Amino acid sequence: MSEYKPTGWPHNRDETPEWLVNGTSRERFIDDIFTELCERLRSAGTPVARATLFLNTYNPRGREHESYGG
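Here is what the cut-offs are and how they apply
Residues numbered from 1 in each chain as written. Predicted model: local features only at pLDDT ≥ 70, side-chain atom pairs only at ≥ 80, totals over all residues. Heavy atoms only, no water. Helix = DSSP H or I, 4+ residues; strand = E, 2+ residues; numbered from the N terminus. Buried < 20%, exposed > 50% of the residue type's maximum accessible area, 1.4 Å probe, protein only. Areas by Shrake-Rupley, 256 points an atom, 1.4 Å probe, with all protein chains shown as cover. Salt bridge = Lys/Arg side-chain N within 4 Å of Asp/Glu carboxyl O.

**Student:** Lay out the overall build of the chain with the relevant residues and their values.
**Tutor:** Counting secondary structure elements, the chain contains two helices and zero strands. Looking at the chain as a whole, 10% of its 70 residues qualify as buried. Accessible area for the chain stands at about 7000 Å²; split by element, carbon and sulfur atoms hold 50% of it.

**Student:** Would you mind going over the environment of A49 in detail, with residue names and values included?
**Tutor:** Along the chain, A49 turns up in the segment after α2 (30-43). Each C-alpha atom of the pair A49 and C38 lies 9.2 Å from the other, and the pair is eleven residues apart in sequence.

**Student:** Please set out the pattern of salt bridges residue by residue, giving values where relevant.
**Tutor:** In total, this model carries one salt bridge according to the counting rule given. Between R40 and E36 there is a salt bridge, with the nearest N and O atoms lying 3.0 Å from each other. Highlighted residues: R40 and E36, both in helix α2, separated by four residues, approximately one helical turn. Since its relative accessible area comes to 23%, R40 is described here as partly exposed.

**Student:** Let's hear about the side chain of T24: which residues, and what values?
**Tutor:** Summarising the element assignment, T24 is placed in the loop between α1 (16-22) and α2. On the accessibility criterion, T24 (12% relative accessible area) is buried.

Okay, structure coming up:
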């Protein structure tokens, strides 16, 4: 029986998690961060063919304006 050798993060360390946590704080646009993240993941060997970014936002008008049906 062959020995299991993990190949993905965190075993295959690269700079992507460090960059994501500490290197993006001054970036103004989330889409630029997301694009760079996908490029870094691909460079590290993660197969990324398509990616989607979802964001939850806060509605300052409150929950009573949440639905549009009345």
